[in-house]
Amino acid sequence: MRKFNVNVNGKSYVVEVDEVGAETAAPAPVAAAAAPVAVAAAPAGGSIVKAPMPGLVLRFGAENGATVKKGDKIVVLEAMKMENDIVANADGKVTFLVKPGDNVVSGADLASIN
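Calculation rules
- Throughout, residues of each chain are indexed from 1 in the direction in which the sequence is written.
- A pLDDT threshold of at least 70 governs which residues receive local features in this predicted model, and a stricter bar of 80 or more applies before side-chain atom pairs are shown or counted, although totals over entire chains, interfaces and linings include all residues.
- Side-chain descriptors were evaluated using all non-hydrogen atoms of the structure, hydrogens and water having been removed beforehand.
- What makes two strands pair is DSSP finding at least two bridges between them.
- Numbering goes from the N terminus for both helices and strands, where a helix is a DSSP run of H or I of at least four residues and a strand is a run of E of at least two.
- For Phe, Tyr and Trp, rings pair up if their centres lie within 6.5 Å, where Trp contributes its six-membered ring, and each pair is then called stacked (planes under 30 degrees apart), edge-to-face (over 60) or tilted (otherwise).
- Note on exposure labels: buried denotes an accessible area under 20% of the residue type's maximum, exposed denotes more than 50%, and partly exposed covers the range between, all computed with a 1.4 Å probe on protein chains only.
- Note on contacts: a residue pair qualifies if any of its non-hydrogen atoms lie within 4.5 Å across the two residues.

Tell me what's going on with the pairing of strand β8 (residues 92-96), and back it up with residues and numbers.
As defined by bridge partners, strand β5 (residues 67-68) adjoins β8 across two bridges and the pair is classed as antiparallel. Bridge pairing in β8 links Thr 67 to Lys 93.

So this is what it looks like as structure tokens:
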């Protein structure tokens, strides 16, 4: 039996708590979260498209090496069970720095547009 002081609405109480099975119970295993991937280096001189939030790269909206215009959808990023369209921030040839299935952190480089 262990004793604890508990404050509720400004009033202090002493409570006793039985620790049942603490000696025999093993902690439950915790599944490791998928680590964000390291991304490839961006080509020099390009405009970088960054992830606005952490998420999972679902698919591309253009082929790698395709010519895109500012505002074209280039990446679909899943965050909090929602699909978010990430658009080109400049005109040019897109080079993806991630691949579908990658987990990315907020601010990660997704693509370079030259």
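Let's pick the thread back up.
For the packing of aromatic side chains, give the residues involved together with the corresponding values.
What the rule picks out here adds up to one aromatic pair. Plain terms: the ring middles of Phe 60 and Phe 96 are 3.7 Å apart, the flat faces sit at 10 degrees to each other, and that makes the pair stacked. Remark: Phe 96 occurs in strand β8 and Phe 60 occurs in strand β4 (residues 55-60); sequence separation between them is 36 residues. Residue classification places Phe 60 among the partly exposed positions, given a relative accessible area of 25%.

Describe the environment of Ala 51, listing the residues and the values that go with them.
Within the fold, Ala 51 resides in the loop between β3 (47-50) and β4. Exposure remark for Ala 51: the relative accessible area of 4% places this residue in the buried category. As a C-alpha pair, Ala 51 and Val 75 span 24 residues in sequence and 9.5 Å in three-dimensional space. When near neighbours in sequence (up to four residues on either side) are disregarded, Ala 51 contacts Leu 77, Val 104, Val 105, Ser 106, Gly 107, Ala 108 and Leu 110.

Tell me about unusual backbone geometry, and please be specific about residues and values.
Of note, the phi angle at Met 80 is positive, near 55 degrees, even though the residue is not glycine. Position of Met 80 among the secondary structure elements: in the loop between β6 (73-79) and β7 (82-87). One non-glycine residue with positive phi stands out, namely Lys 81, at about 65 degrees. By the element assignment, Lys 81 lies in the loop between β6 and β7.

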